Amino acid sequence: MTRARLVLLLVSPLLLVLACASPAPPAAGRDAAAPGAEPSVRPGVNDRFLAPDVDVGEFVKAFEGESREIAQQCANITLHLGLKPGMTVADVGAGTGLFMPELAHGVGPAGRVFEIDIAPAFVEHLRERARSEDLGQVEVVQCTERSVELPAGSVDVALVCDTYHHFEYPQSTLASLREAIKPGGLLAIVDFERRPDSRPWVLEHVRCDSEQVIAEVEAAGFQLVDRPAVSGLQENYLLRFRKREP
């Protein structure tokens, strides 16, 4: 037997042992974030919407009931978006589609409305609602916890209504929104004001106050334009931002 063949026979089993002992790469998944990825600011915040047995009908009552401030002032809020025929508007966290008819009316038949939600049950409901109300300009999109899943430069106006506090990864989601919004486009955020005297539900459910929202959104590449007063809003505020160019 040659010396080279003897060495090969001795080394090969050792290489096999080392290969088998090497750790396998981590499996991809929701909890297997890439190194340096943004951590969750509130793990599980959307779990009840993602549950396979979620009752969409109950959320229709909750989201669109007359007692909800946002439902009462839906038309007033939409007026502050400055929609025009032919525009493209994104409703981020559309839920059951409270704003769908108003937004579709604002951009007209030649415009486009992206109704975006993370919950498969809501996505199905939104599609059925768009069909039943014959809103051909509506396109329903299922987003992820880190991205709104929209094409770059596709949106004139983005509305985030009572949804910012459900952003589990706000930096990542805002980055995807910034990419989707056209140069000079508008980002409108409506959410609950979190104050020491807010009712217990707000204090438990809403992550931060409006000043922190402003700081986070501006850090993501937007510039605060104004905070217009919306008639009828007491617990909620409206912030309007413009996409800031490099």
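The structure we're discussing is the one just above.
The notes below deal with the structure included here. (Residues numbered from 1 in each chain as written. Predicted model: local features only at pLDDT ≥ 70, side-chain atom pairs only at ≥ 80, totals over all residues. Heavy atoms only, no water.)

Here's the deal with the packing of aromatic side chains
Aromatic rings considered in pairs are described by the distance between their centres and by the relative angle of their planes.
Step number 1: Considering all chains together, one arrives at eight aromatic pairs under this definition.
Step number 2: Considering the side-chain rings of phenylalanine 192 and tryptophan 201, the 5.2 Å spacing of their centres and the 70 degrees angle between planes classify their relative orientation as edge-to-face.
Step number 3: Residue class for phenylalanine 192 comes out buried when judged on its relative accessible area of 8%.
Step number 4: Three or more aromatic residues joined by ring pairs form one cluster here, namely Phe49, Phe59, Phe63 and Phe122. (Phe/Tyr/Trp six-rings, centres within 6.5 Å; stacked < 30°, edge-to-face > 60°. Buried < 20%, exposed > 50% of the residue type's maximum accessible area, 1.4 Å probe, protein only.)

Observations concerning the pairing of strand E5 (residues 181-192)
Step number 1: Across the 12 residues of E5, nine count as buried, placing the element largely inside the fold.
Step number 2: In terms of strand pairing, strand E4 (residues 155-161) meets E5 through six bridges, oriented parallel. Residue cysteine 161 lies in a different strand from E5, and its bridge partner there is valine 190.
Step number 3: Handedness of the crossover joining E4 and E5 through helix H8 (residues 170-180): right-handed.
Step number 4: Both E5 and strand E7 (residues 236-243) contribute to a ladder of seven bridges, which runs antiparallel. Bridging across to E7, leucine 186 finds its partner in arginine 242. (Helix = DSSP H or I, 4+ residues; strand = E, 2+ residues; numbered from the N terminus. Pairing = 2+ DSSP bridges. Right-handed = clockwise from strand over helix to strand, strands pointing away.)

A short note on the sheet that holds strand E3 (residues 138-142)
Step number 1: Taken in spatial order, the seven strands of this open sheet run E3-E2-E1-E4-E5-E7-E6, and their pairing is mixed. The sheet is open, and its two edges are formed by E3 and strand E6 (222-226), each paired on a single side. When strand polarity is set aside, the average angle formed by the axes of neighbouring strands in this sheet is 25 degrees.
Step number 2: Of the strands in this sheet, strand E1 (88-92), strand E2 (112-117) and E3 touch helix H6 (residues 100-107), which is tilted by about 155 degrees from E2. (Axes fitted to C-alpha atoms, helices over the stretch in contact; angles between N-to-C directions. Contact = heavy atoms within 4.5 Å.)

Digging into the environment of glutamate 139
Step number 1: By the element assignment, glutamate 139 lies in strand E3.
Step number 2: A residue is classified by how much of its surface remains accessible, and glutamate 139, at 33% relative accessible area, is partly exposed.
Step number 3: Along the chain, glutamate 139 and glutamate 115 lie 24 residues apart, while their C-alpha atoms are 6.1 Å from each other.
Step number 4: The residues contacting glutamate 139, other than those within four sequence positions of it, are Arg112, Val113, Phe114 and Glu115.
Step number 5: Within the local environment of glutamate 139, its side chain forms a polar contact with the side chain of arginine 112, the two groups lying 2.5 Å apart. (Polar contact = N/O pair within 3.5 Å; in protein donor to acceptor, adjacent residues only side chain to side chain.)

What about H6?
Step number 1: Among the residues making up H6, those that are buried are Met100, Leu103, Ala104, Gly106 and Val107. Seen end-on, H6 carries its buried residues on one side only, within an arc spanning 160 degrees.
Step number 2: The elements touched by buried residues of H6 are helix H5 (74-79), E1, E2, helix H7 (120-132) and E3.
Step number 3: Looking one or two residues past H6, glycine 108 carries a phi angle of roughly 75 degrees, positive in sign. (Arc of directions from axis to C-beta.)

What about the nonpolar core?
Step number 1: One finds Ile70, Leu83 and Phe99 to be the most contacted residues of the largest nonpolar core, which totals 31 residues.
Step number 2: For this core, the secondary-structure elements that each account for two or more residues are helix H4 (69-72), H5, H6, H7, E3, E4 and E5.
Step number 3: Per element, the largest residue contribution to this core is four residues, and it comes from H6.
Step number 4: Once residues within four sequence positions are removed from consideration, phenylalanine 99 is found in contact with Ile70, Cys74, Ile77, Thr78, Asp91, Leu159 and Cys161.
Step number 5: Judged by nonpolar contacts, the second largest core, of 29 residues, contains Ala90, Ile118, Val148 and Leu150. (Core = buried A, V, L, I, M, F, W, Y, C linked by side-chain atoms within 4.5 Å.)

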